[in-house]
Amino acid sequence: VNLIVGDMFKITHDFIKIIGNALEVVKWFNSHSRALGMLHKVQIAKLGKILALVLPVLTRWTSHYLAVTRLLDIELAFKQLLLDAGETFEDSELILCAGNKADAKRKAKEILSILQGVDFWPRLKM
């Protein structure tokens, strides 16, 4: 029984972490119009349309599902945006979108690192 409970807590912790990362990505892009505009341009080129990022309402679990589903719908556009940004992100236009302050640039790098993480997209699909 203890092993089963331990496994459930691990799954719950992993789920909360991946959803938290997904929501951070959505919030950051929705808060930075220039970065969102860049994402929209890539969406038009890759998908032929613009799909809005969904920020869920805390009390509506369906909205969390829709937010994750929408991120997965535009996964290709995010990956192209990362390719266009380059490997280091240092002089990337996406980093410059965050502003001049070191804290804002750090947050932008954190968001791009989440998107570039080897396990982000596969775990989001689980």
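Bear in mind that the values here come from a model prediction, so they are computed numbers and not experimental data.

Draft legend 1. Inspection of helix H4 (residues 75-85) at higher detail. Where H4 is concerned, the buried positions are Glu-75, Ala-77, Phe-78, Leu-81, Leu-82 and Ala-85. Viewed end-on, H4 has its buried residues packed into an arc of 165 degrees, placing them on one side of the element. Facing away from the buried side of H4 by over 90 degrees, the exposed positions are Leu-83 and Asp-84. After H4 finishes, the residue Gly-86 shows a positive phi value of roughly 95 degrees.

Draft legend 2. Here's a closer look at a nonpolar patch on the surface. On the surface, Phe-15, Ile-16 and Trp-61 cluster together to form a nonpolar patch covering roughly 380 Å² of accessible area. Tracing the backbone through its elements, the reader meets Trp-61 in helix H3 (residues 61-73). Judged by relative accessible area, which is 58%, Trp-61 ranks as exposed.

Draft legend 3. The layout of surface pockets, seen in detail. Of the pockets and cavities examined, the largest pocket occupies roughly 290 Å³. By residue class, the composition of the lining of the largest pocket is 10 nonpolar, 1 polar and 2 charged.

Draft legend 4. Looking closely at the nonpolar core. Membership of the largest hydrophobic core comes to 35 residues, with the highest contact counts inside it found for Phe-29, Leu-39, Leu-53, Leu-71, Phe-78, Leu-115 and Phe-120. With 8 residues, helix H1 (residues 2-31) is the largest single contributor of residues to this core. Residues contacting Leu-115, with those up to four places away along its chain left out, are Val-25, Phe-29, Phe-78, Leu-82, Phe-120 and Trp-121.

Draft legend 5. How the structure looks around helix H2 (residues 33-47). For H2, spanning 15 residues, the distance from its first C-alpha to its last is 20 Å, which sits close to the expected 21 Å at 1.5 Å a residue. Along H2, the residues classified as buried are Ala-35, Leu-36, Met-38, Leu-39, Val-42 and Gln-43. Taken end-on, H2 shows its buried residues confined to a sector of 155 degrees, consistent with a single buried face. In H2, the exposed residues that point more than 90 degrees away from the buried face are Ser-33, Lys-41 and Ala-45. Backbone geometry just downstream of H2 places Gly-48 in the positive-phi region, at approximately 80 degrees.

Definitions and limits used
Residues numbered from 1 in each chain as written. Predicted model: local features only at pLDDT ≥ 70, side-chain atom pairs only at ≥ 80, totals over all residues. Heavy atoms only, no water. Buried < 20%, exposed > 50% of the residue type's maximum accessible area, 1.4 Å probe, protein only. Helix = DSSP H or I, 4+ residues; strand = E, 2+ residues; numbered from the N terminus. Arc of directions from axis to C-beta. Patch = residues over 30% accessible without salt bridge, like charges linked within 9 Å, V, L, I, M, F, W, Y side chains within 5 Å. Areas by Shrake-Rupley, 256 points an atom, 1.4 Å probe, with all protein chains shown as cover. Salt bridge = Lys/Arg side-chain N within 4 Å of Asp/Glu carboxyl O. 1 Å grid on protein atoms, 1.4 Å probe; cavity = no way out; pocket = protein on both sides within 12 Å on 5 of 7 lines; lining within 4 Å. Points joined across faces, edges and corners; volume = space filled by probe spheres on them. Nonpolar A, V, L, I, M, F, W, Y, C, P; charged D, E, K, R; others polar. Core = buried A, V, L, I, M, F, W, Y, C linked by side-chain atoms within 4.5 Å. Contact = heavy atoms within 4.5 Å. Expected span 1.5 Å × (residues − 1).

So yeah, pure geometry; function would need other evidence.
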